[in-house]
Amino acid sequence: MMRKWTIPSVLFLVCLLFLLPDQGRKLHANAEGDSDDLVNPPKVEDKIGAVPNGLSTDSEVAKREAESISKKSLRSNAEKFEFQAEVSRLMDIIINSLYSNKDIFLRELISNASDALDKIRFLSLTDKEILGEGDDAKLEIQIKLDKANKVLSIRDRGIGMTKEDLIKNLGTIAKSGTSAFVEKMQASGDFNLIGQFGVGFYSVYLVADYVEVISKNNDDKQYVWESTADGAFAVSEDTWNEPLGRGTEIRLHLREEAGEYLEESKLKELVKRYSEFINFPINLWASKEVDVEVPADEDESSDEEETTDTSEEEKEDEEKEEDEEGEKKPKTKKVKETTHEWELLNDVKAIWLRNPKEVTDEEYTKFYHSLAKDFGDEKPMAWSHFNAEGDVEFKAVIFVPPKAPHDLYESYYNANKSNLKLYVRRVFISDEFDELLPKYLNFLKGLVDSDTLPLNVSREMLQQHSSLKTIKKKLIRKALDMIRKIAEEDPEESNDKKDVEESSEEDEKKGQYTKFWNEFGKSIKLGIIEDAANRNRLAKLLRFESTRSGGKLTSLEQYISRMKSGQKDIFYITGSSKEQLEKSPFLERLTKKNYEVIFFTDPVDEYLMQYLMDYEDRKFQNVSKEGLKLGKDSKDKELKESFKELTKWWKTTLASENVDDVKISNRLADTPCVVVTSKYGWSANMERIMQSQTLSDANKQAYMKGKRVLEINPRHPIIKELRERVVKDAEDSSVKQTAQLIYQTALMESGFNLNDPKDFASRIYDSVKSSLSISPDAAVEEEDYSEEVEIESEKKDETSSYKPETDEDAEEPSDFKDEL
């Protein structure tokens, strides 16, 4: 019991210690002292208040790692400071545990630079002189490499930092309070909390062992902040570097293992990936090889003249040129020379920041090809560009691609990657947020840019951010509206056929929704299954063929508009193909009575109809299941009475076939009988789908199989004759055999698999014998095997009497030699 109370008490005391103001952190170094005698501030004791099984890397390991990367010493005459105690401890976490992807350090620095530029631009709205003149007025970000010294520099012409800002901003883990951070981390033991406190700058220590921050604010002198991430940093007035004018330059002295960041191609890739849409120009001091003409040496030129065969025509041209100019041109040659110039890396404009009315279709198409890396010529089917305001503000552009990727549904439930990119203030965060859109809309491509989401180090934190739910809800609404608009603008979808000539725009949109449905229709069906909140909206987008659609796709709205008066249910049937369903006996009477029946031929349709129970207060009715109502027939009672003896006898005869009941059918016209299933059980098509599953369990499937009911057609001559035979002699074995055969035939025609195909085949052969007047006892003539036995014994005797005369004869028969 004591142990149970001790741990919380210790944690509480530690939190109180962290909340106490830290005094005396500022330490002055003796300028005349030994430069190697650096400040070694006390560290927080190892693992005080730590949650078991680890909030931090082992302190000894972290210490050794920090010492190994500390290769450079701070300037002896600079003013020394100690990082906040929690910061020192956090540096070890950042370097060893927090980041899984080192590439993001450049994104963080460019993002900070963009913020600084935004601040100075905002101030310049009221004070234009604050920007200065010349290069200082250019709001841009510059990246420069020094391969010889392994230095990477990122410079901006933003607001810059004063001495006080450098100490406060770079020596403290954000302004939200380090103590609060430590308290939360102790309480939850979750590293993801680090993202809430904006430690983006410290990602530089993933790739650098020494960092300089040179900054100039209009209100202060130019200062240098420097640190080796060993628990201390120094700030001094900058009197040796080139004056910045205004802004900040960060110099990263890269570690040995970070050499890849000295390659221009790597930096271009990172900027293109993470910072492509930053508002300000990002320029790289890039090398470039050009051909330059230089004077050729006489020895080289004479050698060239000897080795080069010049045609007579070329010589004549040269002589003419010499005569015209009066003097001979000096000999030159072309050589490769490396030059450097500023190269703009983010030339694609962020069109989502503009007014949608000002963006042309060509610009949207070009942006889609750039965003989706789709280098085809086809335009996207549709796009939606909108701004969302309220608690969560964001801008978004989403596109419907012209074609579905070949693997769209192959790994539907396993793939987490979305085609929607998330940006925060034009900074790319991730394209792996499966929370932005539901899986059934993962075919959409586009981006979301929010100014209200936190730009955290720990991007995983955003997955659980409450704002994402609001963004997701609005994105789904806009996406479904965009798809609905494709249908509304498609002339083929309209019920009103216009006789006027179609414009070129209408002609272009003709058949677009059919194209969409053929590519992404399965996604809409999956959405009906998965998204209960938007099921009705998705049902409006559903398309199918029916008995009255004339081979074209139709909607539920159009089906309802064609319903007969008094029809309460929406009729449908499921199967493997439209051609098969058109011949189904279940449709016979419905077709004759002019009822429209929907064809569902996709395997996912069986699952779909388990969730789509009704539409606009009309129930769905599978015509292959019991409970079909087609109005009242005055003769129903009479028919039931007249066939009561037959139905009762037939049910008893089929007791071994697990038939639940035998009834008079109201759905048959020309077929003697059909087998239907119970209303809430599996249909024949669903049974076949489930049996074909690789890991299906026959025992579990038995619970879902619907009870089978044999429905007979009282008007069919076979059924009438069978009734007469039963009345005469109910125990007649031939009549029972016929009843069994009729049931098995109906079972197969209704789409079910036969439990015993051999038994069915035997009954068919017996029926054929009867029709051909062959005796049921006629036996199959037996074959005489005696002759074959004699021939085989003779061959054995010949083989045993054969003896090879030579070895060659033993190896190879003479006949085979002759063939060779």
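What counts, and at which threshold
Going along each chain's sequence as written, the residues are numbered from 1 onward. Under the rules for a predicted model, residues below a pLDDT of 70 receive no local features and side-chain atom pairs below 80 are neither given nor counted, while totals for whole chains, interfaces and linings still include all residues. Side-chain measures were taken over the full set of non-hydrogen atoms in the model, leaving aside hydrogen atoms and water. Every helix listed is a DSSP run of H or I at least four residues long, and every strand listed is a run of E at least two residues long, numbered separately from the N terminus. Here's how the labels work: a residue is buried when its accessible area is under 20% of the maximum for its type, exposed when over 50%, partly exposed in between, all with a 1.4 Å probe on protein chains only. Contacts between residues were defined by any pair of non-hydrogen atoms, one from each residue, lying within 4.5 Å. When a carboxyl oxygen of Asp or Glu is within 4 Å of a side-chain nitrogen of Lys or Arg, the pair counts as a salt bridge. The score called pLDDT rates the predictor's confidence residue by residue, from a low of 0 to a high of 100. Take the buried residues of types Ala, Val, Leu, Ile, Met, Phe, Trp, Tyr and Cys, join any two whose side-chain atoms come within 4.5 Å, and each joined set is a nonpolar core. Here, a strand pair is defined by DSSP locating no fewer than two bridges between the strands. Lines fitted to the C-alpha atoms define the axes, with helices restricted to the stretch that makes contact. Angles between their N-to-C directions range from 0 to 180 degrees. Neither His nor the chain ends contribute to the count of charged residues, in which Lys and Arg are positive and Asp and Glu negative. What a helix should span is 1.5 Å times the count of its residues minus one. Classification of ring pairs uses Phe, Tyr and Trp, with its six-membered ring standing for Trp, and accepts pairs whose centres are within 6.5 Å; under 30 degrees between planes counts as stacked, over 60 as edge-to-face, and the remaining range as tilted. Our definition puts a charge over a ring when NZ of Lys or CZ of Arg is within 6 Å of the ring centre and also within 35 degrees of the ring normal. By definition, no residue in a patch forms a salt bridge, and every one has over 30% relative accessible area; like charges are joined within 9 Å, nonpolar side chains (Val, Leu, Ile, Met, Phe, Trp, Tyr) within 5 Å. In these tables, accessible area is a Shrake-Rupley quantity obtained with a 1.4 Å probe, and a residue counts as shielded only by the protein chains included in the view. Rotating anticlockwise by less than a right angle from the far helix to the near helix defines a left-handed crossing, while the corresponding clockwise rotation defines a right-handed one.

Asks: Explain the overall build of the chain here, please?
Replies: When helices and strands are counted, the chain shows 29 helices and 23 strands. Counting the 820 residues in the chain, one finds 43% classified as buried. Sequence separation of 24 or more characterises 74% of the internal contacts of the chain that already satisfy a separation of 6 or more.

Asks: Even after reading the chapter, I still don't get the pattern of salt bridges, so can you show me in this structure?
Replies: In the structure shown here, the tally under the stated rule is 35 salt bridges. Between Lys266 and Glu260 there is a salt bridge, and its shortest N-O distance comes to 3.6 Å. The partner of Lys403 in a salt bridge is Glu378, with the nearest N and O atoms 3.8 Å apart. Linking Lys403 in the loop between β12 (394–400) and β13 (420–424) with Glu378 in the loop between α10 (361–372) and β11 (382–388), this pair joins segments that are 25 residues apart in sequence. With a relative accessible area of 53%, Lys403 lands in the exposed category. In the salt-bridge network here, residues are joined through shared partners; they are Lys522, Lys525, Asp602 and Asp605.

Asks: What is the right way to look at the confidence of the model for the chain in this model?
Replies: Caution is warranted with low-pLDDT regions, since their predicted coordinates should not be read in detail. Counting all residues, the mean pLDDT for the chain is 77, and 71% of those residues have values of 70 or more. For the chain, per-element mean pLDDT is lowest for strand β1 (residues 26–27), which scores 36, and highest for strand β18 (residues 597–600), which scores 96. Predicted confidence for residues 497–501 stays below pLDDT 50, and this span has 2 contacts to residues more than four positions away or in other chains. In this model residues 808–820 is a low-confidence stretch, pLDDT under 50, and it forms 6 contacts with partners more than four residues away in sequence or in other chains.

Asks: Where do I start with the nonpolar core in this structure?
Replies: A general trend in soluble globular proteins is that nonpolar side chains are found buried together. Residues Val400 and Leu475 are the most contacted members of the largest nonpolar core, which totals 77 residues. When residues of this core are assigned to their parent elements, the largest contribution, 10 residues, is made by helix α12 (residues 466–488). Those residues within four positions of Leu475 in sequence are excluded, and the remaining contacts are Phe386, Phe394, Ala396, Ile398, Leu420, Leu436, Leu437 and Val448.

Asks: Teacher, can you tell me more about the sheet that holds strand β21 (residues 659–664) here?
Replies: Through backbone hydrogen bonds, the strands of a sheet pair up, either in parallel or in antiparallel fashion. Spatially, 3 strands are ordered β21-β23-β22 in an open sheet, and the strand pairing comes out mixed. The open sheet has two edge strands, β21 and β22 (673–677), and neither has a second partner. Pairs of neighbouring strands in the sheet enclose a mean axial angle of 25 degrees, with direction left out of account. Looking at chain direction, β21 and strand β23 (residues 708–712) are connected through 5 bridges and run parallel. Bridging from a neighbouring strand, Val659 pairs with Arg708 of β23. Packing against the sheet, helix α21 (residues 644–653) makes contact with β21 and β23, and its axis sits at approximately 160 degrees to β21.

Asks: Sorry, what's going on with unusual backbone geometry here?
Replies: Note on backbone geometry: most residues besides glycine have negative phi, and most peptide bonds are trans. Positive phi is not limited to glycine here, since Asn594 has a value of about 65 degrees. Relative to the assigned elements, Asn594 resides in the loop between α18 (588–592) and β18. Of the residues examined, Asn594 reaches a relative accessible area of 44% and is grouped as partly exposed. The backbone of Asn658 shows a phi angle near 60 degrees, a positive value even though the residue is not glycine. You can see Asn658 is positioned in the loop between α21 and β21.

Asks: Would you explain the pairing of strand β6 (residues 222–227) in this entry?
Replies: In the case of a regular strand, side chains alternate between the two sheet surfaces. β6 sits mainly inside the fold: 6 of its 6 residues count as buried. Across the two faces of β6 the burial is the same, with Gln222, Val224 and Glu226 and Tyr223, Trp225 and Ser227 all buried. As paired strands, strand β5 (residues 208–216) and β6 are joined by 6 bridges and run antiparallel to one another. Along β6, the bridge assignment pairs Ile214 with Val224. Connecting β5 to the next strand, β6, in antiparallel fashion are 5 residues. With 5 bridges connecting them, β6 and strand β7 (residues 232–237) associate as antiparallel partners. Across the sheet, residue Trp225 finds its bridge partner in β7, namely Val235.

Asks: Just to check I follow, could you spell out the side chain of Asp569 for this structure?
Replies: Along the chain, Asp569 falls in the loop between α16 (556–561) and β17 (570–574). Although Asp569 lies buried, it forms no salt bridge, and the closest oppositely charged side chain, Lys679, sits 6.3 Å away as judged by the N-O distance. Not counting the four nearest positions on each side in its chain, Asp569 is found in contact with Tyr559, Met563, Lys619 and Gln621.

Asks: Would you mind showing me how to read the sheet that holds β13 here?
Replies: Strand order in this open sheet of 5 strands is β11-β12-β15-β13-β14, and the pairing throughout is mixed. Pairing within the sheet leaves two strands with one partner each, and these edge strands are β11 and β14 (427–430). Mean inter-strand twist for the sheet, computed between neighbouring axes without regard to direction, equals 20 degrees. Bridging between β13 and β14 involves 3 bridges; their strand directions are antiparallel. Across the sheet, Val424 pairs through a bridge with Val427, a residue of β14.

Asks: Which parts of the structure should I look at to understand helix α19 (residues 603–611)?
Replies: One turn of the α-helix equals 3.6 residues, which is why residues spaced by three or four share an orientation. For α19, the complete set of buried residues consists of Val604, Asp605, Glu606, Leu608 and Met609. Those residues of α19 that are buried are in contact with α14 (512–530), β17, β18, β20 (618–622) and α22 (684–691).

Asks: For this particular structure, what's the right way to read helix α25 (residues 733–749)?
Replies: Here α25 contains 17 residues, and its C-alpha end-to-end distance of 24 Å stays within 8% of the 24 Å for a straight helix at 1.5 Å per residue. All of the buried residues in α25 are Val735, Ala739, Gln740, Leu741, Ile742, Tyr743, Gln744, Ala746 and Leu747. Contact partners of the buried residues in α25: α21, β21, β22, β23, α24 (717–728) and α26 (757–771). Once α25 ends, the next one or two residues include Gly751, with phi positive near 105 degrees.

Asks: I'm lost on the packing of aromatic side chains in this one. Help?
Replies: Any two aromatic rings considered together are summarised by their centre-to-centre distance and by the angle between their planes. According to the stated counting rule, one finds 18 aromatic pairs in the structure shown. Considering the side-chain rings of Trp225 and Phe233, the 5.6 Å spacing of their centres and the 25 degrees angle between planes classify their relative orientation as stacked. Among the residues examined, Trp225 registers a relative accessible area of 0% and is labelled buried. One aromatic cluster is present, formed by Trp352, Tyr364, Phe367, Tyr368, Trp383, Phe399 and Tyr423 through successive ring pairs. For Arg273, the ring lying beneath its charged end belongs to Tyr274, and the centroid distance is 5.3 Å. One residue, Lys564, lies across the ring of Tyr595, its end atom 4.5 Å from the ring centre.

Asks: Help me understand a nonpolar patch on the surface in this model?
Replies: On the surface, a nonpolar cluster with roughly 460 Å² of combined accessible area is contributed by Ile764, Tyr765, Val768, Leu772 and Ile774. For Val768, the position within the fold is in helix α26.

Asks: Explain the pairing of β23 here, please?
Replies: Of all 5 residues making up β23, 5 are buried, and the element is well covered by its neighbours. Burial of the side chains of β23 extends over both faces: Arg708, Leu710 and Ile712 are buried on one face and Val709 and Glu711 on the other. Relative to β23, β22 runs antiparallel, the two sharing 5 bridges. Bridged to Cys673 within β23 is Ile712.

Asks: Which parts of the structure should I look at to understand the packing of α12 against α14?
Replies: Helix packing geometry: the angle between the two helix axes and the distance between the axes. Between α12 and α14, the least distance of the axes is 10 Å, while the angle of their chain directions is 145 degrees. Read as a crossing pair, α12 and α14 show a hand that is left-handed. On α14, the residues touching Ile483, Ile486 and Ala487 of α12 are Gln512, Tyr513, Phe516 and Ile524.

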